[in-house]
Amino acid sequence: MASSPIDPYVFSSDTLPTDLRFLPPLANGRLGWRVFWTVMHMGGVYNGEKGACHRADIPCPLSVKMRTEEEGNQTYTLDTHTGIFTHSVLTSRVQASQLFYAHRQYPNLLVMEVFLKRQAATEDPITVMLDSSFSPYSDDISFQAAPDYKGGRHIFGQANSAEVPGGHRPSVHLIWTPIASSVSLQPDQSQSRWGFILAVAESNETVQACFDTGMELFEQGDLQTSHQRAWAELWLDSRVELAGPLPLSRAVIGCMFYLLSAFPSLKEAPSPFGGVSPGGLSNGGQGQDYWGHVFWDQDTWMYPSIALFYPKLAKAVLDYRVSTIEGAKSNAQQQGFKGLKFPWESAVSGQEVCPEDIYGQQEIHINGDVTFAFQQYFYLTRDLDLFKSGRGSEVVWGVADYWVSRVTWNPEDKSYHLKGVMPPDEYYYNVDNSVYTNIVAKNSLQFAVELAGLLQHPAPPEWQEVADKLKIPFDSDLKYHPEFDGYRKGSPVKQADAVLIGFPLGVSMSPEVRRNDLEWYAAVTDPNGPAMTWGMFAVGWLELGEAEKAQQLIEKCFKNIQGPFQVWSESSDGSGAVNFLTGMGGFLQAMLFGYTGFRIQKDCLCFAPLMPDDVAVFSVKGVSYLNNKLDWLVQKQEVSVVLRKQAEDSGSEKLCPLEIVLKSSGKIIPLVPGQTVTFPRQAGKIHKQQSSSSCWPL
């Protein structure tokens, strides 16, 4: 009898990781927790002033381990279909299951359920112990007890210090179902289920309402099913699957799952989104995982794979940056410049919270990274409302003003310079004209001019002037891009830097130059550097048609996957940030923008599919473009595209009719909702039908 096929969405093991940092994190964009851990975190809740600011540790009442009276077979399973982690024990007398989930639709809820099923025809009571590690104390929040609420325990407290002097100190309220030390099947019971609900919010009124909701859902039998429905809806809009090696398939699914877990609900009334930090919401306490701060990692590494599917979630990232405008103004003023200077490390206020000043002062490419995220969103959605009433234009134009005030004119080469910067390659600092920084600055200035034209806003001539005359380092003899002025070819490199100008920045260059950049920097890049690096090299080799060389680099990323639950570490030896979403984002971009060749352009979505030999089929379902949803199926010889009949999670109200234009033949293929079009595998583009009227307001 043939065994059932392995489900790549289900990660199982009969043991837990020996390094408990790699326990699976459960999160929903509002709450984050590592299973069995004693502490959890809440988005936007920090303690500590300025450089000491970090995610506030919140004690977790669901820090409970189930234990049976007799030894049994243990199984630990993370089902990414449903976002549920299950600890199961099977003995001769009972099948015991302990389930945990961060509710996907109601993000203020964490849930534990225990299910017991009698295995033998006995009439004895069966007891399972629930060993709790909970203590209602935190080094970051002074908690005190409040009166019980509808049978639930209630504690509340306020962060010990504000992010900025005199600023807001967030409050936290917890109400949870009391957890007994054991649960039992009575002699007349064959099975039974218990539910334990934890509600977490910043006010008494909100936490009570959330607890009420959770209890009502449990009583109606809809607590777990509503959570599962929400995950099913998410996966409907972003299925990325392949026919190929199981480790590769699991890696793709795991990365999508953990990235989606870091973002808010699609349906629940929005609360302020606190951004995405490198280790996600489950990590980031004092001294660990970059203290839960938000970096360029969010905008450059994690965001693109989400924006390709979910305009609403992409907009949550942009709204987070908008919410920090006042802090960005303050940062620029403190540096003596105009406009906006987004912090290298951000929390809630937008003021710089990096513990070391040099990064906030010099790693200014963050400004261009933020603007590039806004630009990609606009090209994918044509949602001008974000830039009109949503303050997006303030971000783009404020960054442009910063660049103009930050550059220095050099009369010798008659160009503008950006001096005294730290490039993405943090082995170097106080250098001039970082090629990545200058190109991302040039790009953001050009987009500022473009946006001003669309909104009929008078653009200062300096924006275009600086964009046109900003120095871009290039060695015409060796035909490659030096990282910065004075970089010596062969000097060690920490991570992807100059290669990023090809992708994602899309700088046009000859195949020879692209190859030189890839080969020369790969040879000197730290093999133990951050996990996102090799995905970007892989995209470059796919651009050049070398799929097998690209696949070797993609497989290098597997060294960063630790343990059975597909949790990434920042470095391949397991060190650095845990649940490293930045690395996952870089890996996903290698798949989503490498295998398909997707490139987000001003007036089209380009594609140039290419896959390695061991991947037969690559399926990408739910790509969102101009308010349409597209399902792509890439095979060795042909490509199929389906335009879905009804758009979901759209950024605008009116649909844009689309067509495909094939590069080699120029053939135009109109897309009709519900009809599959198939063509030989080749490059092309998808754009608005030329005969259709405008589908967005100007």
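Predicted model only: the values in this text are computed from it and were never measured.

1. Things to note about helix H14 (residues 533-543)
Turning to step 1, where the next piece is worked out: Burial within H14 is extensive, with 10 of its 11 residues counted as buried.
Turning to step 2, where the next piece is worked out: Listed as buried for H14 are Thr533, Trp534, Gly535, Met536, Phe537, Ala538, Val539, Gly540, Trp541 and Leu542.
Turning to step 3, where the next piece is worked out: Residues of H14 that are buried in the fold lie against helix H4 (296-307), helix H13 (511-524), helix H15 (547-556), helix H16 (581-595) and strand E24 (599-600).

2. Observations regarding unusual backbone geometry
Turning to step 1, where the next piece is worked out: For the bond running from Phe503 to Pro504, omega is 15 degrees, close enough to zero to count as cis.
Turning to step 2, where the next piece is worked out: Tracing the backbone shows Pro504 in the loop between helix H12 (461-469) and H13.
Turning to step 3, where the next piece is worked out: Backbone geometry places Asp289, a non-glycine residue, at a positive phi of 50 degrees.
Turning to step 4, where the next piece is worked out: With respect to the helices and strands, Asp289 occurs in the loop between helix H3 (246-261) and H4.
Turning to step 5, where the next piece is worked out: Relative accessible area serves as the criterion here: at 11%, Asp289 is assigned to the buried category.
Turning to step 6, where the next piece is worked out: Positive phi, close to 50 degrees, is recorded for Lys414, a residue that is not glycine.
Turning to step 7, where the next piece is worked out: Using a relative accessible area of 61% as the deciding quantity, one classes Lys414 as exposed.

3. Let's talk about the packing of aromatic side chains
The way to describe two aromatic rings as a pair is by their centre distance and the angle between their planes.
Turning to step 1, where the next piece is worked out: The tally for this structure, following the rule as stated, stands at 41 aromatic pairs.
Turning to step 2, where the next piece is worked out: Ring centres of Phe558 and Phe587 lie 6.4 Å apart, and the angle between their planes is 55 degrees; this geometry places the pair in the tilted category. Residue Phe558 is found in the loop between H15 and strand E22 (561-562), and its partner Phe587 is found in helix H16; the two are separated by 29 residues along the sequence.
Turning to step 3, where the next piece is worked out: A residue is classified by how much of its surface remains accessible, and Phe558, at 24% relative accessible area, is partly exposed.
Turning to step 4, where the next piece is worked out: By way of ring pairs, the aromatic residues Tyr290, Phe295, Trp296, Trp301, Trp344 and Tyr436 are connected into one cluster.

4. Describing empty space enclosed by the protein
Turning to step 1, where the next piece is worked out: As enumerated under the stated definition, the model contains six cavities of 30 Å³ or more in all.
Turning to step 2, where the next piece is worked out: Quantified by volume, the largest cavity comes out at close to 80 Å³.
Turning to step 3, where the next piece is worked out: Forming the walls of the largest cavity are Arg104, Gln105, Ala230, Glu233, Leu234, Pro264, Ser265, Leu266 and Lys267.
Turning to step 4, where the next piece is worked out: Residues that form the lining of the largest cavity fall into these classes: four nonpolar, two polar and three charged.
Turning to step 5, where the next piece is worked out: Considering only enclosed or pocket space, the second largest cavity measures out at about 60 Å³ in volume.
Turning to step 6, where the next piece is worked out: Lining the second largest cavity, in full, are Pro25, Leu26, Ala27, Tyr258, Ser261, Ala262, Gly280, Leu281, Ser282, Asn579 and Leu581.
Turning to step 7, where the next piece is worked out: If you list the elements that add at least two residues to the lining of the second largest cavity, you get strand E2 (25-27) and H3.

5. A short note on the sheet that holds strand E28 (residues 638-643)
Turning to step 1, where the next piece is worked out: One open sheet accounts for five strands, arranged E19-E26-E27-E28-E31; its pairing is antiparallel. In the strand order of this sheet, the two ends are held by strand E19 (239-243) and strand E31 (676-680), each with one partner. Each strand axis lies, on average, 20 degrees off the axis of its neighbour in the sheet, ignoring direction.
Turning to step 2, where the next piece is worked out: One ladder, built from five bridges, connects E28 with E31; its direction is antiparallel. When the sheet's bridge partners are listed, Val639 is paired in E31 with Phe679.

6. Some points on a negative patch on the surface
Turning to step 1, where the next piece is worked out: A cluster of acidic residues, Glu548, Glu555, Asp613 and Asp614, forms a negative patch at the surface.
Turning to step 2, where the next piece is worked out: Looking at the secondary structure, you find Asp614 in the loop between strand E25 (605-607) and strand E26 (617-625).
Turning to step 3, where the next piece is worked out: Residue class for Asp614 comes out partly exposed when judged on its relative accessible area of 32%.

7. Here's the deal with the environment of Ser97
Turning to step 1, where the next piece is worked out: Structurally, Ser97 can be placed in strand E11 (residues 94-102).
Turning to step 2, where the next piece is worked out: Considering only alpha carbons, one finds Ser97 and His87, 10 residues apart in sequence, at a separation of 5.7 Å.
Turning to step 3, where the next piece is worked out: Excluding anything up to four places from it in sequence, Ser97 contacts Met66, Thr86, His87, Ser88, Glu113, Val114 and Phe115.

8. Digging into the sheet that holds strand E13 (residues 126-132)
Turning to step 1, where the next piece is worked out: The three strands are arranged E8-E13-E17 in an open sheet whose pairing can be described as antiparallel. Each edge of the sheet is formed by a strand with only one pairing partner; in this case those strands are strand E8 (64-68) and strand E17 (182-185). When the angles between neighbouring strand axes are averaged without regard to direction, this sheet yields 20 degrees.
Turning to step 2, where the next piece is worked out: One ladder, built from five bridges, connects E8 with E13; its direction is antiparallel. Each residue of the ladder has a partner; that of Arg67, found in E13, is Met129.

9. Structural notes on the packing of H4 against helix H8 (residues 365-381)
Turning to step 1, where the next piece is worked out: Orientation of H4 relative to H8, taken along the N-to-C sense of each, is 15 degrees, at an axis distance of 8 Å. When the axes of H4 and H8 are compared, the pair comes out roughly parallel. Read as a crossing pair, H4 and H8 show a hand that is left-handed. Contact residues: Trp296, Asp299, Thr300, Tyr303, Pro304 and Ala307 in H4; His365, Ile366, Asp369, Val370, Ala373, Gln376, Tyr377 and Leu380 in H8.
Turning to step 2, where the next piece is worked out: Classifying every residue of the contact of H4 with H8 by side-chain character gives nine nonpolar, three polar and two charged.

10. Here we look at the state of the cysteines
Turning to step 1, where the next piece is worked out: A full pass over the atoms with the stated rule returns zero disulfides.
Turning to step 2, where the next piece is worked out: Left without a disulfide partner, Cys60 is nearest to the cysteine sulfur of Cys210, which lies 16 Å away.

11. Focus on the pairing of strand E29 (residues 658-662)
Turning to step 1, where the next piece is worked out: Of all five residues in E29, five are buried, a share of seventy percent or more.
Turning to step 2, where the next piece is worked out: Bridge count between E29 and strand E32 (residues 684-688): five bridges; the pairing is antiparallel. Each residue of the ladder has a partner; that of Leu658, found in E32, is Lys688.
Turning to step 3, where the next piece is worked out: Summarising the sheet, E29 and strand E30 (residues 668-670) pair through three bridges and their orientation is antiparallel. Bridge assignment links Val661 to a residue of E30, and that residue is Ile668.
Turning to step 4, where the next piece is worked out: Count of turn residues in the E29/E30 antiparallel hairpin: five residues, of which Gly666 carries a positive phi of about 75 degrees.

Conventions adopted
Residues numbered from 1 in each chain as written. Predicted model: local features only at pLDDT ≥ 70, side-chain atom pairs only at ≥ 80, totals over all residues. Heavy atoms only, no water. Buried < 20%, exposed > 50% of the residue type's maximum accessible area, 1.4 Å probe, protein only. Helix = DSSP H or I, 4+ residues; strand = E, 2+ residues; numbered from the N terminus. Contact = heavy atoms within 4.5 Å. Phe/Tyr/Trp six-rings, centres within 6.5 Å; stacked < 30°, edge-to-face > 60°. 1 Å grid on protein atoms, 1.4 Å probe; cavity = no way out; pocket = protein on both sides within 12 Å on 5 of 7 lines; lining within 4 Å. Points joined across faces, edges and corners; volume = space filled by probe spheres on them. Nonpolar A, V, L, I, M, F, W, Y, C, P; charged D, E, K, R; others polar. Pairing = 2+ DSSP bridges. Axes fitted to C-alpha atoms, helices over the stretch in contact; angles between N-to-C directions. Patch = residues over 30% accessible without salt bridge, like charges linked within 9 Å, V, L, I, M, F, W, Y side chains within 5 Å. Areas by Shrake-Rupley, 256 points an atom, 1.4 Å probe, with all protein chains shown as cover. Salt bridge = Lys/Arg side-chain N within 4 Å of Asp/Glu carboxyl O. Lys, Arg positive; Asp, Glu negative; His and termini not counted. Charge placed at Lys NZ, Arg CZ, Asp CG, Glu CD. Parallel < 35°, antiparallel > 145°, perpendicular 65-115°, else oblique. Left-handed = near helix turned anticlockwise from the far one by under 90°. Disulfide = S-S within 2.5 Å.

On their own, these measurements won't tell you what the molecule is for.
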